[in-house]
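Structural description and commentary
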Amino acid sequence: MSNGQEVEDQNQTVDTTPVFPVADYITLRPIIGVEQGQTPDLIALDATIKSGQIKVGLDALKAKGVRGRAASTYPNVFYGPGLVNEKGNLARLEYTPEIDAATVLGNMKPSDRIRWANEVKRATAIYGSSDPDILKLNGEAFTSKDENAMQLFLQIANSNQLTAMAMLEKLKTYSTVASSPGKAVQVSSPEDIGYYLNQASLRLTGKPITKAMADRMITQFQQRERQAAAQNVDAPNIQVASQSMISQAKPEQTAGYSVGKAIEIAFRALAGS
């Protein structure tokens, strides 16, 4: 391995079942490397890594109890409140949505703002029954409605540990579900529902939701949305429904570890603290 991180044989099959899953964004996340530079975001990221709030490589593995032979099976990873960009590099700290939304919109090119708004409208329930203000977004301004939409979008980006542009690329994998000819039903994306389910689970049980439990509840909630559309009634509220589903679930269905200090840091934006 190079620097104790890169796997010697990239084609080998690795069984990481006994340790924490790499794909679980609240534990370990694979990265290619760490972005370098002197921008404010990268300076803050570097300081956070040096402070130990974000751990990279072997330090991240040790923080999650992965040592010895198990550690040698992992690619480069990080652990903590960081975000990965489109290149696969750790690139910045989590967003503070109510502060960063205007900055993210302002830093986008008009064409990127329009692409973002159209994708968010198509692939998520963020805009609801309203539409983005394309004329404003195509200029040098944007409305409070679009800024509020960006705040929600940045919460979802945080929950995926992706930068805004990387999350925008991920939206391309989302689709709108059609129920009948000539009529499309916009159901909430799995990421939207999963975010509120995990937030409710942390609040009510002190534990993150398991993937199996989340998958089942996401399917249930989307079905409720389709039924509501078919009956021409209001769709269920995602936050209320999430709390209701979690409160009715059995405690043993949640993940089997407590939320420690590092998890609290990683979820500070999600918990609204």
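Going by the structure above, here's the rest.
Report follows, based on the coordinates.

What counts, and at which threshold
- Residues numbered from 1 in each chain as written.
- Predicted model: local features only at pLDDT ≥ 70, side-chain atom pairs only at ≥ 80, totals over all residues.
- Heavy atoms only, no water.
- Helix = DSSP H or I, 4+ residues; strand = E, 2+ residues; numbered from the N terminus.
- Buried < 20%, exposed > 50% of the residue type's maximum accessible area, 1.4 Å probe, protein only.
- Contact = heavy atoms within 4.5 Å.
- Pairing = 2+ DSSP bridges.
- Axes fitted to C-alpha atoms, helices over the stretch in contact; angles between N-to-C directions.
- Polar contact = N/O pair within 3.5 Å; in protein donor to acceptor, adjacent residues only side chain to side chain.
- Phe/Tyr/Trp six-rings, centres within 6.5 Å; stacked < 30°, edge-to-face > 60°.
- Salt bridge = Lys/Arg side-chain N within 4 Å of Asp/Glu carboxyl O.

Here the focus is the environment of Ala71. On the secondary structure map, Ala71 appears in helix H3 (residues 68-72). By relative accessible area, Ala71 is classed as buried at 9%. For the pair Ala71 and Leu61, spaced 10 residues apart in sequence, the C-alpha separation works out to 6.7 Å. Sequence-distant contacts of Ala71, that is, excluding residues within four places in its chain, are made with Leu61 and Val66.

Before going further, it helps to examine the sheet that holds strand E3 (residues 55-56). Pairing in this open sheet of three strands is antiparallel, and the strands run E1-E4-E3 from one edge to the other. With one partner strand each, in any of the chains shown, strand E1 (29-30) and E3 form the two edges of the open sheet. Two elements, E3 and strand E4 (residues 77-79), share two bridges in a ladder whose sense is antiparallel. Looking across to E4, one finds that Val56 is bridged to Phe78.

We now examine unusual backbone geometry. A positive phi angle is found at Gln161, which is not glycine, with a value near 55°. Mapped onto the secondary structure, Gln161 falls in the loop between helix H7 (144-160) and helix H8 (164-171). By relative accessible area, Gln161 is classed as buried at 3%.

Neighbouring strands of a sheet are bound in pairs by backbone hydrogen bonds; such pairs are parallel or else antiparallel. Here three strands make up an open sheet; going across it, the order is E2-E6-E5 and the pairing mixed. Both edges of this open sheet fall to strand E2 (33-34) and strand E5 (82-84), since each of them pairs with a single strand only. As paired strands, E2 and strand E6 (residues 89-93) are joined by two bridges and run parallel to one another. Paired with Gly33 across the bridge in E6 is Asn89. Across the face of the sheet, helix H1 (residues 40-51) comes into contact with E2 and E6 while running at roughly 95° to E6.

A few words now on the side chain of Glu35. Inspection of the secondary structure assignment puts Glu35 in the loop between E2 and H1. For Glu35, the side chain forms a polar contact with the side chain of Lys87, separated by 2.8 Å. Setting aside residues no more than four positions away along its own chain, Glu35 makes contact with Leu42, Asn85, Lys87, Asn89, Leu90 and Ala91.

Attention now goes to the pairing of E6. Of all the five residues making up E6, five are buried; the element is thus mostly covered by neighbouring parts of the structure. Inspection of the sheet shows E5 paired to E6 by three bridges, in the antiparallel sense. Looking across to E6, one finds that Gly82 is bridged to Leu93. Linking E5 to E6, which pair antiparallel, is a turn of four residues; within it Gly88 sits at a positive phi near 90°.

Attention now goes to the packing of aromatic side chains. The geometry of an aromatic ring pair is captured by the separation of the ring centres together with the interplanar angle, meaning the angle of the planes. Counted under the stated rule, the structure contains three aromatic pairs. Residues Tyr195 and Tyr196 carry aromatic rings whose centres are separated by 4.7 Å and whose planes lie at 65° to one another, so their mutual orientation is edge-to-face. The same class applies to Tyr195 as to Tyr196, namely buried. Among the aromatic side chains, those forming a connected cluster through ring pairs are Trp116, Tyr127 and Phe153.

Once that is clear, we can look at the pattern of salt bridges. Within this structure, the stated rule accounts for 11 salt bridges. Among the salt bridges present, the one from Asp46 reaches Lys50, with a minimum N-O distance of 3.1 Å. Within this pair, Asp46 and its partner Lys50 are both found in helix H1, separated by four residues, close to a single helical turn. Assessed through its relative accessible area of 36%, Asp46 is described here as partly exposed. The salt bridge partner of Asp100 is Arg92, with a shortest N-O separation of 3.6 Å.

The values reported here are purely geometric and, on their own, carry no functional implication.
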